[in-house]
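Remarks on the overall topology
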Amino acid sequence: MPRWLPRAMVLALSLIAVFQLGSWAFHELTGLLINILIAFFLALAIEPAVSWMAGRGMRRGLATFLVFLAVLVAAAGFVTLLGSMLAGQIVKMVEDFPEYLDSVINWVNGHFHTELRRVDIQEGLLRSDWLRNYVQNSATGVLDVSAQVLGGLFQMLTILLFSFYFAADGPRLRRALCSVLPPARQAEVLRAWEIAVDKTGGYLYSRGLMALVSGIAHYILLEVLEVPYAPALAVWVGLVSQFIPTIGTYLAGALPMLIAFTVNPWYAMWVLIFVVIYQQFENYVLQPKLTSKTVDIHPAVAFGSVVAGAALLGAVGALIAIPAIATLQAFLGAYVKRYDVTDDPRVQGRRNRRPGPGGPTRLRKLWARRPEPEGPGTEGAADGGSS
């Protein structure tokens, strides 16, 4: 056996063991890494406000705390207002459920000539196996729901803690990162950091402005239709439609439609029509004007980045995909050399036809190629010659 073979085998086994250990550690720490990524983008989003307050003499830690306090107060107020609205509507729907059920039963009896009664339907529902199984599963799933709620609270605290440190100790973090790089690389890292701050802040700014416009437009509609809780519903539509990618618009419009349906079924149809029309106005008029200077990326690229981010990291990836792609595009734009495009019709999607002969010229050529008709004398001469 060669002397190097045992050493090579030990080295190969060690590399395999290290790879397996690293893969296991990465799999176990995936949740923490995703929380750190969310915290980093959240810190980038509040970086302009913190830097503005710190530039006017306020301590950076205090400025970060005040920004976080304002965000938490706004979020808590929105959740409280939305919860009270939902609770009131649920109570109202439960109280009015017998009337809705009677109207449905009368409609069925009138159109299908049946003799249904509300008492029979209620007794059949209470004695059904489906309701019994649902109650048992709900009772056994209380602990699971409690564990998920506690896990969500712990995850939220972890994100807030990391984002607070990233924002408060931003200069120290950048200095520590640049201290292990040569001067040329330090300039590139700082430039990438600045672009990320501008793009993330611009993305949230444009989304917040579109949420404000959307909320005002839907508030006017709901007030005209006299739908209850119009301010809370307008805030819900504005925030959910802008900060939940792809399906946010439809998810945001479902709640106003449901509550409008309790007032008048036709009102729900009007809300649906308005949501569809406003979505087209936002996609083709409002969004290009607001995002042209902040997050200037093609709509197809934005949609593809959202799909890719959702496939990689779920809802978190879909949320941070657009600012991440905008940052990458702006950073790589400085290293891509561009040239002037030649004035070619094919650039505009038109074929460059070669010049050919005109109409009269083509007719003369076709007439010259026409075969001459054979006369009677020619045919007779041909017969005489052959004989």
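For the structure itself, consult the block above.
What counts, and where the lines are drawn
- Residues numbered from 1 in each chain as written.
- Predicted model: local features only at pLDDT ≥ 70, side-chain atom pairs only at ≥ 80, totals over all residues.
- Heavy atoms only, no water.
- Helix = DSSP H or I, 4+ residues; strand = E, 2+ residues; numbered from the N terminus.
- Buried < 20%, exposed > 50% of the residue type's maximum accessible area, 1.4 Å probe, protein only.
- Contact = heavy atoms within 4.5 Å.
- Areas by Shrake-Rupley, 256 points an atom, 1.4 Å probe, with all protein chains shown as cover.
- Salt bridge = Lys/Arg side-chain N within 4 Å of Asp/Glu carboxyl O.
- Core = buried A, V, L, I, M, F, W, Y, C linked by side-chain atoms within 4.5 Å.
- Expected span 1.5 Å × (residues − 1).
- Phe/Tyr/Trp six-rings, centres within 6.5 Å; stacked < 30°, edge-to-face > 60°.
- Patch = residues over 30% accessible without salt bridge, like charges linked within 9 Å, V, L, I, M, F, W, Y side chains within 5 Å.

**Examining the overall build of the protein chain**
Each helix and strand in the protein chain was counted, giving 15 helices and zero strands. Among the 387 residues that make up the protein chain, the fraction classed as buried is 26%. Long-range contacts, defined as pairs at least 24 residues apart, comprise 64% of the intrachain contacts of the protein chain with a sequence gap of at least 6. For the protein chain, the computed accessible surface area is about 27,600 Å², with 68% contributed by carbon and sulfur atoms.

**Quick word on the pattern of salt bridges**
Enumeration over the complete set of coordinates arrives at three salt bridges. For E47, the salt bridge is made with R60, and the minimal N-O distance between the two is 2.6 Å. With a gap of 13 residues between them, E47 in helix α2 (residues 30-54) and R60 in helix α3 (residues 60-112) connect regions that are remote in the sequence. Like R60, E47 is buried.

**Digging into the nonpolar core**
The tendency in soluble globular proteins is for nonpolar side chains to be buried side by side. Grouped together as the largest cluster of nonpolar side chains are 15 residues, with contacts concentrated most on L222, V227, L233, W236 and V271. Of all the elements, helix α9 (residues 230-243) adds the most residues to this core, at five residues. With residues near it in sequence (within four places) discarded, L222 still touches V227, A230, L233, A234, P256 and V271. One finds V50, V67, F68 and I159 within the second-largest nonpolar core, a separate group that totals 13 residues.

**Considerations on α9**
Helix length check: α9, at 14 residues, gives a terminal C-alpha distance of 20 Å against a target of 20 Å (1.5 Å per residue), a fit within 8%. Buried residues dominate α9, accounting for ten of its 14 residues.

**Some points on the packing of aromatic side chains**
The final tally for this structure, using the stated rule, is eight aromatic pairs. Geometrically, the ring pair formed by F164 and Y165 is edge-to-face, given 6.0 Å between the ring centres and 70° between the ring planes. Site record: aromatic cluster; members linked through ring pairs are F40, F41, F162, F166 and W193.

**Examining a nonpolar patch on the surface**
The grouping of Y205, L209, L212, V213, I216, Y219, I220 and V224 at the surface amounts to a nonpolar patch, some 750 Å² of accessible area in total. Among the structural elements, L212 can be located in helix α8 (residues 183-224).

Distances and angles like these do not, on their own, reveal function.
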